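Notes for the structure review
Next come the chains, spelled out residue by residue.
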Amino acid sequence: MILFDRVSFSYGLCPILDGLSFSIGAQERVAVLGGSGEGKTTILKLIMGLIKPDSGAILVDGEDITIKCEAHLREVRMKFSLVFQEGALFDSLSVKENVAFCLREYTKMSEEEIDGRVRELLRVVGMEHALERMPDELSGGMHRRVAIARSLAAYDPLMFLYDEPTSGLDPISADMICRLILELAGGRRGLIMVTHKVSDALKVADRFMFLKAGRVLFDGDRERLVRSTLPEIRMFMRELECLSPAE
Ligand SMILES: Nc1ncnc2c1ncn2[C@@H]1O[C@H](COP(=O)(O)OP(=O)(O)O)[C@@H](O)[C@H]1O
Ligand SMILES: [Mg+2]
């Protein structure tokens, strides 16, 4: 469903991606790992057509989105649900209004239909009890769940994109978010989760891509990841060693 063919991207003179190539099928569950500043968020923005590469092609369902106009890109974006890093909510709107916002913006639903759909979405993420709360009254994990409900509001995506969905959360909330991510994907929809937390990546994905210096340093399944002897990967895996009980 997604193909990057020798994609290069820089912010001004600062190169971020350097001839990056990979492909991801519509039903795959992929974790994109890498240190901060390696271009993980940039990849999600490129997939959504929010920014354009300096060179190379990005195909979504066989169409090169780098040469599409804004109207066409809107259709491409509808195929994905993207939850941004920090999953920012509108501070001045209640939980209910935050989710309703997209429905008002992108659909022609009546107020009654919107109300029903908002309740349904908040039920999916286990937040139906907090309809009237304001964002600053929510814990980090609850905040993230509402952001996920909002990303699902207007349509039924083919694939989910998550940018660091568990960053800044305590381990229990992070675990709940991982379970929610898996539940939403079900057996038939794919997802890409960008993260620097290997432990969360292992809960959600079965394919792991590791970014380094603008390229894919590693691409493989769980077994290959765990066994990798690449020093960069070993450094990331140390997070897991810290978590497992001392022998
Ligand atoms: N709008 C921007 N303008 C200039 N530099 C940026 C911008 N956004 C990100 N960067 C820089 O590009 C690099 C890659 O960013 P990003 O894709 O957000 O990395 P990651 O998500 O892996 O932490 C970082 O060094 C970041 O500081
Ligand atoms: Mg990022």
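First, a word on scope: everything that follows refers to the structure included in this document. Positions within a chain are numbered from 1, following the residues in the order the chain's sequence is written. Lettering for chains starts from A, numbering for ligands starts from 1, and both go in the order in which the items are written. Two thresholds apply to this predicted model, a pLDDT of at least 70 for residue-level local features and 80 or more for giving and counting side-chain atom pairs, whereas whole-chain, interface and lining totals are computed over all residues.

Quick look at helix α5 (residues 140-152)
- For α5, with 13 residues, the first-to-last C-alpha span of 19 Å sits near the 18 Å given by 1.5 Å per residue.
- Here α5 lies mainly inside the structure; eleven of its 13 residues are buried.
- Those residues of α5 that fall on the buried side of the exposure criterion are M142, H143, R144, R145, V146, A147, I148, A149, R150, S151 and L152.
- Placing a C-beta atom from the backbone of each residue, one calls two residues in contact when those atoms lie within 7 Å. Starting at the N terminus, helices and strands are each numbered in turn, a helix being any DSSP run of H or I of at least four residues and a strand any DSSP run of E of at least two. For α5, the elements touching its buried residues are β6 (80-83), α3 (95-106), α4 (111-124) and α6 (171-185). Here the expected length of a helix is defined as 1.5 Å per residue gap, with one fewer gap than residues. The exposure label follows from counting other C-beta atoms within 10 Å of a residue's C-beta, where the C-beta atoms are placed from the backbone and the thresholds are 20 or more for buried and 12 or fewer for exposed, leaving partly exposed in between.

Quick word on the nonpolar core
- Each nonpolar core reported here comprises buried Ala, Val, Leu, Ile, Met, Phe, Trp, Tyr and Cys residues connected via C-beta atoms within 7 Å. Ranked by size, the top nonpolar core spans 62 residues in total, and within it A31, V32, L33, V99, A149 and M193 carry the most contacts.
- By residue number, the principal contributor to this core is α5, which donates six residues.
- Those residues in contact with L33 that lie beyond four places of it in its chain are T195, H196, V198, A201, F208, M209, F210 and F236.

Looking at the packing of α5 against α6
- A fitted line through C-alpha atoms serves as each axis, taken over the contacting stretch for helices, and the angle formed by two N-to-C directions is quoted from 0 to 180°. Between α5 and α6, whose axes approach to 9 Å, the crossing angle comes to 15 degrees. Of the possible angle classes, the one that applies to α5 and α6 is roughly parallel. As for the relative orientation of α5 and α6, their crossing is right-handed in sense. Where α5 approaches α6, its residues G140, G141, R144, R145 and I148 are matched on the opposing element by S173, M176, I177 and L180.
- Looking at side-chain class alone, the contact of α5 with α6 contains four nonpolar, three polar and two charged residues. If an angle is under 35 degrees, it is roughly parallel; if it is over 145, roughly antiparallel; if it lies from 65 to 115, roughly perpendicular; otherwise it is oblique. Here a crossing is called left-handed whenever its near helix is offset anticlockwise from the far helix by less than a right angle, and right-handed whenever the offset is clockwise. Asp, Glu, Lys and Arg are counted as charged, while Ala, Val, Leu, Ile, Met, Phe, Trp, Tyr, Cys and Pro are counted as nonpolar; the rest, among them Gly, fall into the polar class.

Considerations on the sheet that holds strand β5 (residues 63-64)
- One requirement defines pairing of two strands: DSSP has to find at least two bridges between them. Read across the sheet, four strands follow the order β2-β1-β4-β5 without closing on themselves; strand pairing throughout is antiparallel. In the strand order of this sheet, the two ends are held by β2 (14-24) and β5, each with one partner.
- Bridge count between strand β4 (residues 55-60) and β5: two bridges; the pairing is antiparallel. Within β5, the residue paired with V60 across the bridge is E63.
- This element, helix α1 (residues 40-47), spans β1 (2-11), β2 and β4 of the sheet and lies at about 120 degrees to β1.

Some details on the site of ligand 1
- Only the C-beta atom matters for this test: placed from the backbone, it must lie within 6 Å of a molecule or strand for the residue to be near it. The local shell around ligand 1 consists of Y11, I16, G34, S36, G37, E38, G39, K40, T41 and T42.
- When residues of the shell around ligand 1 are assigned to their parent elements, the largest contribution, three residues, is made by α1.
- Of the residues belonging to the shell around ligand 1, the class tally is two nonpolar, six polar and two charged.

Regarding the sheet that holds strand β9 (residues 207-212)
- Spatially, the six strands line up as an open sheet ordered β6-β7-β8-β3-β9-β10, and their pairing is mixed. In this open sheet, the two strands that pair with only one neighbour each are β6 and β10 (215-221). In this sheet, adjacent strand axes meet at a mean angle of 15 degrees when their direction is disregarded.
- Relative to strand β7 (residues 159-163), α1 is tilted by about 145 degrees, and along the sheet it contacts β3 (29-33), β6, β7, β8 (190-195) and β9.

What about α4?
- The first and last C-alpha atoms of α4 sit 20 Å apart over 14 residues, in line with the 20 Å expected at 1.5 Å per residue.
- For α4, the set of buried residues is V118, L121 and L122. All buried residues of α4 project into a common sector of 95 degrees when viewed along the axis, lining one side. In this structure, α4 carries E112, E113, G116 and R123 as exposed residues pointing more than 90 degrees from its buried face. It is the directions from the helix axis to the C-beta atoms that the arc portrays.

A few points about the environment of S92
- Assignment of secondary structure puts S92 in the loop between β6 and α3.
- For S92, a count of 9 C-beta atoms within 10 Å gives the class exposed.
- With 42 residues separating them along the chain, S92 and M134 place their C-alpha atoms 7.3 Å apart.

A closer look at the packing of α3 against α4
- Where α3 contacts α4, the axes come no closer than 9 Å and their chain directions differ by 120 degrees. Relative to α4, the element α3 is oriented oblique. The two elements α3 and α4 meet at a crossing, and its hand is right-handed. For the pair formed by α3 and α4, the contact residues are V95, K96, V99, A100, L103 and R104 on the first element and I114, R117, V118, L121 and L122 on the second.
- Along the lines of polarity and charge, the residues of the contact of α3 with α4 split into eight nonpolar, no polar and three charged.

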